[in-house]
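Summary of the model geometry
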Amino acid sequence: MGRDRIRDVQEREYPLRAWGIFLNAASYGLLPRRAVIAANEITARRGEARGFQDRELGQILSRCRSAAAQLVGADEEEIVLAPNTSYGVNLAAHCAAATGPGVVLLSEGEFPANVFPWLALERAGFRVERVPTDSEGCPDEGRLMERIGTGDVRVLALSATQFSTGYTADLAAFGMACRERETLFAVDAIQALGVIPMDVRELGIDILATGGQKWLCAPWGSGFAYVSRELHDRFDPPSPSWLAFGSSLEYTGLLDYRYEFLPDGRKFELATLGIQDCAALAASIELLLEVKVSEVRRHVLALHAPILDWAEGADGVEVVTPLDPPKRAGIIALRIPDPIDVGRALQAEGVVCVVREGLLRLSPHFYNTLEEIEQVVEVLEGLVSG
């Protein structure tokens, strides 16, 4: 049933497949038709004289928050619409800064978006510790857990899935460890959300940040953060926007200047969000909810199988991504001879993929088919063995 649903989505939402094989969702996902239509309709209407009603624009944003909340198991009031992952990570760092100096724990190998905002806290007296990775370049869970257990870690900032290796963390275990030690748990979810199911409450996440352009298949410049309701009263936004205040909602008392924040996640949002991008993000998330992320995950893991089977028997090829399914999301990272040359050759054959940190990174999504993956494996056999 799930396979039939995905096949239907492929035919209905991704009809233009003639150019090549796109295996680069870890950089940006393909937009479904409904997202393109949603964004284009609003953009086209900007050229019409009838305009938009304020309430109408608010409903678009509310729809986007609602879809994001369903995706991560939160309430709409806990969703903060944002232009990218960096905003959510910086928001988490701002909240941490308000608690006073302490230790911020990271793993080596994190994407820069989840490093620089924390390094900036060193000027405020924080100490940022980066735990070395294991021999494969993946986060060392044992050493991270051991460090959390000492009790002096103020924040654990961790990517749900690492951008280069595809390692996927046991978020539930880290969340439990953080709760026991009253450590703020901040998660960069951009390489996981949309391809693996996530429930922020079950996982014990305090703040989650994501952009929409990768596995959520939404426009560049779209995204959101989840901020646990328990944190709303403890922290104010780093850059208060005029729309973060209750007096601005109805446009009837704008000159009252009442410094009273809205009682929910909207207090943390930037003003004048990209309405067309939020509409497209909502459409894309709603599609994933219809398909069910659990079915997306099942489909993507099935797409991994031919690649892993080939790599196992190929000379000079090593799978860096953990083979254990719970440790994988959508990325398969391969250590191969001459990865740059192989990557260019794949591009020349119409296979869209990238090389990251010296590894060939293949990242299929629910719009890819098993037939496409088998074609890619055939090309890889010729390139690597030839």
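One can find the structure itself at the top, above this paragraph.
Residues numbered from 1 in each chain as written. Predicted model: local features only at pLDDT ≥ 70, side-chain atom pairs only at ≥ 80, totals over all residues. Heavy atoms only, no water.

The topology assignment puts histidine 232 in helix H9 (residues 229–232). Side-chain polar atoms of histidine 232 contact the backbone oxygen of valine 227, separated by 3.0 Å. Not counting the four nearest positions on each side in its chain, histidine 232 is found in contact with Glu77, Glu78, Val227, Pro263, Asp264, Gly265, Lys267 and Phe268. (Helix = DSSP H or I, 4+ residues; strand = E, 2+ residues; numbered from the N terminus. Polar contact = N/O pair within 3.5 Å; in protein donor to acceptor, adjacent residues only side chain to side chain. Contact = heavy atoms within 4.5 Å.)

Walk down a regular strand and you will see the side chains alternate between the two sheet faces. Across two bridges, strand E9 (residues 318–319) lies against strand E10 (residues 332–335) in antiparallel orientation. Bridge assignment links valine 319 to a residue of E10, and that residue is leucine 334. Looking at chain direction, E10 and strand E13 (residues 359–362) are connected through three bridges and run antiparallel. Directly across from isoleucine 332, in E13, lies its bridge partner leucine 362. (Pairing = 2+ DSSP bridges.)

This paragraph deals with the sheet that holds E9. Read from one edge of the open sheet, four strands run E9-E10-E13-E12, paired in antiparallel fashion. Lying at the two open borders of the sheet, with one neighbouring strand each, are E9 and strand E12 (354–356). Note: E12 against E13, three bridges, orientation antiparallel. Bridged to valine 355 within E13 is leucine 360.

What follows is about the side chain of glutamate 129. Residue placement: glutamate 129 occurs in strand E4 (residues 127–131). The contacts of glutamate 129, once residues within four sequence positions are left out, are Val103, Val104, Leu105, Leu106 and Arg147.

Glancing now at the environment of glycine 313. If you trace the backbone, glycine 313 turns up in helix H11 (residues 293–313). Residue glycine 313 is classed as exposed on the basis of its relative accessible area of 65%. As a C-alpha pair, glycine 313 and isoleucine 340 span 27 residues in sequence and 21 Å in three-dimensional space. (Buried < 20%, exposed > 50% of the residue type's maximum accessible area, 1.4 Å probe, protein only.)

Attention now goes to a nonpolar patch on the surface. Residues Trp242, Tyr251, Leu254, Leu255 and Tyr257 make up a contiguous nonpolar surface patch of roughly 590 Å² in combined accessible area. By relative accessible area, tryptophan 242 is classed as partly exposed at 40%. (Patch = residues over 30% accessible without salt bridge, like charges linked within 9 Å, V, L, I, M, F, W, Y side chains within 5 Å. Areas by Shrake-Rupley, 256 points an atom, 1.4 Å probe, with all protein chains shown as cover. Salt bridge = Lys/Arg side-chain N within 4 Å of Asp/Glu carboxyl O.)

Before going further, it helps to spend a moment on the pattern of salt bridges. One pass over the full model with this rule turns up 24 salt bridges. Salt bridges linked by common partners bring Asp8, Arg12, Glu13, Arg34 and Glu290 together as one network.

The end-to-end C-alpha distance of helix H10 (residues 275–291), which contains 17 residues, comes to 25 Å, matching closely the 24 Å that a straight helix rising 1.5 Å per residue would cover. Counting buried residues along H10, 13 of its 17 residues qualify, which places the element largely inside the surrounding structure. Lysine 292 occupies a position one or two residues after H10 and carries a positive phi of about 85°. (Expected span 1.5 Å × (residues − 1).)

Further remarks concern the sheet that holds strand E3 (residues 103–107). Pairing is mixed in the open sheet, where seven strands are placed in the order E2-E8-E7-E6-E5-E3-E4. Edge strands, defined here as strands with exactly one partner in the open sheet, are strand E2 (79–82) and E4. Averaged over neighbouring strand pairs, the angle between their axes works out to 20° when direction is ignored. Against the sheet, helix H3 (residues 54–72) contacts E2 and strand E8 (223–227), and its axis sits at roughly 120° relative to E2. (Axes fitted to C-alpha atoms, helices over the stretch in contact; angles between N-to-C directions.)

You can see leucine 203 is positioned in helix H8 (residues 200–203). Separated by 130 residues in the primary sequence, leucine 203 and alanine 333 have C-alpha atoms spaced 26 Å apart. Excluding residues within four positions of it along the chain, leucine 203 makes contact with Leu171, Ala172, Gly175, Arg179, Phe185 and Met198.

For the rest of this paragraph, the subject is the packing of aromatic side chains. Under the definition given, this model contains 11 aromatic pairs. Taking 5.0 Å as the distance between ring centres and 55° as the angle between the ring planes, the aromatic pair formed by tyrosine 14 and tyrosine 367 counts as tilted. Of this pair, tyrosine 14 sits in the loop between helix H1 (2–13) and strand E1 (21–22) while tyrosine 367 sits in the loop between E13 and helix H13 (370–385), and the two are 353 residues apart along the sequence. Considered together, tyrosine 14 and tyrosine 367 belong to a single accessibility category, that of buried residues. With a centroid separation of 5.4 Å and an interplanar angle of 55°, the aromatic rings of tyrosine 28 and tryptophan 220 are classed as tilted. Residue tyrosine 28 is located in the loop between E1 and helix H2 (33–45), and its partner tryptophan 220 is located in the loop between strand E7 (207–211) and E8; the two are separated by 192 residues in the primary sequence. With relative accessibility at 31%, the residue tyrosine 28 sits in the partly exposed group. (Phe/Tyr/Trp six-rings, centres within 6.5 Å; stacked < 30°, edge-to-face > 60°.)

Structural measurements only, silent on function.
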